[in-house]
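Inside the fold
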Amino acid sequence: VNGWHLLTQPMSGVFNLSSDLFFNSDAYTYSDNGFEKIDDVVLGDGFYVESNSSSPNTIVYNDGEIVTDATFIINEGWNLLGNPIAVPFEIGSIKINNMTWDEAVMYGIIAPEPIIFDNSRSSHTTTNVIPAGSGLWVYSYLNDVNITFDTANSSSNSNVSSYWELSLFAKEKLSPGLENQSI
């Protein structure tokens, strides 16, 4: 679908982001230096890529294995990562330093809800379910925080958040010829 996408590789191993596979567009991740062009991703990396096609694109991950659990370390501030499990994952099933998401929020470790990019609305939005293959932003108030996705923790009951939701919509009007320079 046309527009920007926030994705991840939901399999183990290194995946090369060849431009012809990813919509003839560069891929970008975020670091302390801002947005950076990348060529490879590994399990748990979130990245942005733009599609200039109105028809659905299929991404095929040929190498690597499907994982049932993965733990990453996040640090203070915004962290860009991805759902490492090849199925949608409820935030109530994610463990933060061996606590539930809601407990970690209550103890001031992380922000109440992760943020994903909704391509159909061309905006970032909060969510309670991380789609398969989706990248996400998590805000941490501390350094060296473990975030664990484990299908053994997954439940069929979704925890309803008692926290607010914020959706921001913005579009930048760029000069002709610069449309592809914005993220």
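Everything below is about the structure shown above.
Not measured: the values here are computed from a predicted model.

So, the pairing of strand β6 (residues 46-51)
Of all 6 residues in β6, 6 are buried, a share of seventy percent or more. Judged by which residues are buried, β6 turns out to be covered on both faces: G46, Y48 and E50 on one side and F47, V49 and S51 on the other are all buried. Bridge count between strand β1 (residues 3-8) and β6: 6 bridges; the pairing is antiparallel. What sits directly across from W4, in β6, is E50. Relative to β6, strand β3 (residues 27-31) runs antiparallel, the two sharing 2 bridges. Note on β6: the bridge partner recorded for A27 is V49.

Observations concerning the sheet that holds strand β10 (residues 95-96)
Adjacent strands of a sheet pair through backbone hydrogen bonds, lying either parallel or antiparallel. One open sheet holds the 4 strands; their spatial order is β7-β16-β10-β11, and the pairing between them is antiparallel. Since the sheet does not close on itself, it has two edges, and those belong to β7 (69-74) and β11 (99-100), each with one partner. Sheet analysis places β10 next to strand β16 (residues 145-150), joined by 2 bridges and oriented antiparallel. Bridging across to β16, I96 finds its partner in I147.

Here we look at the pattern of salt bridges
In total, this model carries 2 salt bridges according to the counting rule given. Put simply, D26 and K37 hold a salt bridge, and the shortest N to O gap is 3.6 Å. With D26 in the loop between β2 (14-16) and β3 and K37 in strand β4 (residues 34-38), this pair connects stretches of sequence that are 11 residues apart. Classification of D26 as partly exposed rests on a relative accessible area of 32%. A salt bridge links R121 to D118, with the nearest nitrogen and oxygen atoms 3.8 Å apart. Exposure remark for R121: the relative accessible area of 35% places this residue in the partly exposed category.

Calculation notes
- Residues numbered from 1 in each chain as written.
- Predicted model: local features only at pLDDT ≥ 70, side-chain atom pairs only at ≥ 80, totals over all residues.
- Heavy atoms only, no water.
- Buried < 20%, exposed > 50% of the residue type's maximum accessible area, 1.4 Å probe, protein only.
- Helix = DSSP H or I, 4+ residues; strand = E, 2+ residues; numbered from the N terminus.
- Pairing = 2+ DSSP bridges.
- Salt bridge = Lys/Arg side-chain N within 4 Å of Asp/Glu carboxyl O.

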